[in-house]
Amino acid sequence: MTSGAVKGPVIAVVGPSGVGKDSLMSALAVSGPELRIMRRVITRAPEAGGEDYQPVSEPEFSALAENGVFALHWQAHGLHYGIPRDIETLREGAGGVLVNLSRAVLLEAQEVFGDLIVLSVTARPEVLAQRLLARGREDAQEVERRLARSGNPLPQGLARVHEIDNSGALSAAVQAALKALQPLRA
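Just so it is clear, the structure is predicted and the values come from calculations on it, not from any experiment.

Let us look at the layout of surface pockets. Counted as a void, the largest pocket has a volume near 850 Å³. Every residue lining the largest pocket is counted, 32 residues in all, and those nearest its centre are P16, S17, K21, R135 and R146. Elements with a contribution of two residues or more to the lining of the largest pocket: α1 (21-31), β5 (70-76), β6 (79-84), α5 (125-135) and α6 (140-149). Broken down by element, the residue count for the lining of the largest pocket peaks at three residues, all from α1.

Okay, structure coming up:
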């Protein structure tokens, strides 16, 4: 980063599966052109669909981690997830960089990135169940497991957290998130 360049915060978008994190991130990036999105590296098959991610095999992921490619990486739901160090380049001159993170790594992310804002996305349980079933990646048992974890609290010690309800229209969640991020956009 060049000296004096503005470095935007990392905006962690977290919430249970099916809450609409990726839809919210995409809509925010369109509504706020100063916001950028960081793609995750995931050990998920490319045909699995869903978010825009870089699919890799487990051996490839291990090699990337060993070579220090990731600023942050973790394991959840039987998969490995990584945030490349390229996120620092995206932060240069940005109003913020949106990234889909796991609640379990938020304190580490706050330590690694320094300037971290958390958008905790929620939705009513019946909305989550409907969305999970509609996307077709999980069977009924996995949907139940994910719903049971959906109320897990965020870790204590996070500096900036904003709750965004995405039970209804996406546009309402986008407006709530933009309002929460307003100080960045001033």
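Still to come is the rest of the account.
The subject of this paragraph is the packing of α1 against helix α7 (residues 170-180). Their axes nearest at 10 Å, the elements α1 and α7 cross at an angle of 60°. As for the relative orientation of α1 and α7, their crossing is right-handed in sense. Residues S23, L24, A27, L28 and S31 of α1 touch α7, and the partners they reach there are L170, A173, V174, A177 and L178.

Strand β7 (residues 96-100) sits mainly inside the fold: five of its five residues count as buried. Bridge count for strand β1 (residues 10-14) against β7 is four bridges, and the pairing is parallel. Pairing of V13 across the sheet is with N100, part of β7. One ladder, built from three bridges, connects strand β2 (residues 35-37) with β7; its direction is parallel. Within β7, the position partnered with L35 by the bridge is G96.

Now for α5. All buried positions along α5 are accounted for by V127, L128, A129 and L132. Downstream of α5 by a residue or two, G136 has a phi angle that is positive, lying close to 70°.

What follows is about the pattern of salt bridges. One pass over the full model with this rule turns up six salt bridges. Close ionic contact of D52 with R39 constitutes a salt bridge, the shortest N to O distance being 3.3 Å. Of the two residues, D52 sits in the loop between β3 (41-42) and β4 (54-55) while R39 sits in the loop between β2 and β3, which places them 13 residues apart along the sequence. Accessibility expressed as a relative area gives 38% for R39, which makes it partly exposed. Residues R91 and E88 are paired through a salt bridge, measuring 3.3 Å at the closest nitrogen-oxygen approach. Here R91 pairs with E88, and both are found in helix α3 (residues 87-91), just three residues apart, close to one helical turn. Of the residues examined, E88 reaches a relative accessible area of 23% and is grouped as partly exposed. Through salt bridges with shared partners, one network takes in K7, E88 and R91.

Rules used throughout
Every chain begins its residue count from 1, and numbering advances along the sequence as written. Only residues with pLDDT of 70 or above have their local features reported here, since the model is predicted, and side-chain atom pairs are shown and tallied only from 80 upward, although totals for entire chains, interfaces and linings are computed over all residues. Note: side-chain values were computed over all heavy atoms of the structure, leaving out hydrogens and water. Note on definitions: the grid is 1 Å and covers protein atoms alone; a cavity is a set of points where a 1.4 Å probe fits but cannot get out; a pocket is an open set with protein on both sides within 12 Å along at least five of seven lines; lining residues have an atom within 4 Å of a point. Grid points are joined across faces, edges and corners, and a volume is the space filled by probe spheres set on the points. In this text, helices come from DSSP runs of H or I with a minimum length of four residues, and strands from runs of E with a minimum of two, each type numbered from the N-terminal end. As a rule, the C-alpha atoms of each element are fitted with a line to give its axis, helices using only the stretch in contact, and angles between N-to-C directions run from 0 to 180 degrees. Put simply, a crossing is left-handed when the front helix is turned counterclockwise from the back one by less than a right angle, and right-handed when it is turned clockwise. Throughout, a contact is declared for two residues whenever any of their heavy atoms are within 4.5 Å. Each residue gets one of three labels from its accessible area relative to the maximum for its type: buried under 20%, exposed over 50%, partly exposed in between, using a 1.4 Å probe on protein chains only. Between any two strands, at least two bridges found by DSSP are needed for them to pair. In the sections that follow, a salt bridge refers to a side-chain nitrogen of Lys or Arg positioned within 4 Å of a carboxyl oxygen of Asp or Glu.

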